[in-house]
Amino acid sequence: MIGFLRGTVASLKADTCLLDVHGVGYRVSISDATRRELAQGREAQLFTYLSVREDALQLYGFRTEQEYDMFLVLIGISGIGPKVALGILSSITVSRLATAITNEQTSVLTKLPGIGKKSAERLILELKDKLAFASAKDAELTLTSDVPVGNTILEEASAALTALGFAQNEILVALRGVENCTTSEQAIKQALKKLSRS
């Protein structure tokens, strides 16, 4: 099993990247969240999962261990393969997915690609008690998000901060306590003040 790869991003597409590791190019399937943190020509490290099938070997890569861990949890659910799991992680953050599962928000889960009502119920049933895969500290930062699903202002602020290059755990901490903002711009400004002090 290849635990991680570190190299230069030779090319970057919608759902794959080509990682040059000492002259060897590894084609890796990636989520949208991981893609946003990569840049062509720059060095990157990806935590990887190798999917072995009779007709193909496919690498899946993730910028954070939290996303990698959630991917492993998802593919452990009957009926969810690596492609579906990657699609899910491209549509929702790890923290929001965990929040939706722990709060039994079926309506949120059924909006994810490849997830119907029965699959959503299975996710809740099988994963609600398994989301302690992170340490207590990591769980506080990444799995118990203070950014509620459906809060457009905080979702927009989170997306903007991600685009600025901040890590998900930094963003979650910075957005705590800014729920009273009436616009995403206010939330971003308050979060940036916190981030500049950290």
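Preceding block: the structure.
Notes on the structure in this doc start here. (Residues numbered from 1 in each chain as written. Predicted model: local features only at pLDDT ≥ 70, side-chain atom pairs only at ≥ 80, totals over all residues. Heavy atoms only, no water.)

Details of the sheet that holds strand E2 (residues 16-21)
Move 1: The five strands lie next to each other as E1-E2-E3-E5-E4, forming a closed barrel whose pairing is mixed. The mean inter-strand angle of the sheet, taken between neighbouring strand axes irrespective of direction, is 55°.
Move 2: Here four bridges tie strand E1 (residues 4-12) to E2, and the two strands are oriented antiparallel to one another. Residue Val9 lies in a different strand from E2, and its bridge partner there is Leu19.
Move 3: Packed onto the sheet, helix H2 (residues 65-75) meets strand E4 (43-52) and strand E5 (57-62) and runs at close to 10° relative to E4.
Move 4: The strands touched by helix H3 (residues 82-91) are strand E3 (24-30), E4 and E5; relative to E5, the strand with the most contacts, the crossing angle is about 20°. (Pairing = 2+ DSSP bridges. Helix = DSSP H or I, 4+ residues; strand = E, 2+ residues; numbered from the N terminus. Axes fitted to C-alpha atoms, helices over the stretch in contact; angles between N-to-C directions. Contact = heavy atoms within 4.5 Å.)

What about helix H4 (residues 94-102)?
Move 1: Of all the nine residues making up H4, eight are buried; the element is thus mostly covered by neighbouring parts of the structure.
Move 2: Within the sequence span of H4, burial applies to Val94, Ser95, Arg96, Leu97, Ala98, Thr99, Ala100 and Ile101.
Move 3: Glu104 lies just past H4 and shows a positive phi near 55°. (Buried < 20%, exposed > 50% of the residue type's maximum accessible area, 1.4 Å probe, protein only.)

Some thoughts on unusual backbone geometry
Move 1: A positive phi angle is found at His22, which is not glycine, with a value near 50°.
Move 2: Along the chain, His22 falls in the loop between E2 and E3.

Describing the side chain of Ser51
Move 1: Structurally, Ser51 is set in strand E4.
Move 2: In contact with Ser51, other than residues within four places in its own chain, are Ala56, Leu57, Gln58, Tyr60 and Pro82.

Considering the nonpolar core
Move 1: Among the nonpolar cores identified, the biggest contains 29 residues, and Leu74, Leu89, Leu97 and Leu109 are the most heavily contacted of them.
Move 2: Contributing elements (two or more residues each) for this core: E4, E5, H2, H3, H4, helix H5 (106-109) and helix H6 (117-127).
Move 3: The residues contacting Leu109, other than those within four sequence positions of it, are Leu97, Ala100, Ile101, Ile115, Ala120 and Ile124.
Move 4: Listed in part, the twelve residues of the second largest apolar core include Leu5, Cys17, Ile30 and Leu46. (Core = buried A, V, L, I, M, F, W, Y, C linked by side-chain atoms within 4.5 Å.)

Quick look at the pairing of E3
Move 1: With six bridges connecting them, E2 and E3 associate as antiparallel partners. Looking at the pairing, Leu18 lines up with Arg27 of E3.
Move 2: Where E2 hands over to E3, the hairpin turn is made up of two residues, of which His22 adopts a positive phi near 50°.
Move 3: Bridging between E3 and E5 involves three bridges; their strand directions are parallel. Residue Val28 lies in a different strand from E5, and its bridge partner there is Leu59.

Quick notes on the pattern of salt bridges
Move 1: This model, assessed by the stated rule, comprises two salt bridges.
Move 2: Between Arg63 and Glu37 there is a salt bridge, with the nearest N and O atoms lying 3.7 Å from each other. Taken as a pair, Arg63 in the loop between E5 and H2 and Glu37 in the loop between helix H1 (32-36) and E4 lie far apart in primary sequence, 26 residues in all.
Move 3: For Arg63, a relative accessible area of 27% corresponds to the partly exposed category. (Salt bridge = Lys/Arg side-chain N within 4 Å of Asp/Glu carboxyl O.)

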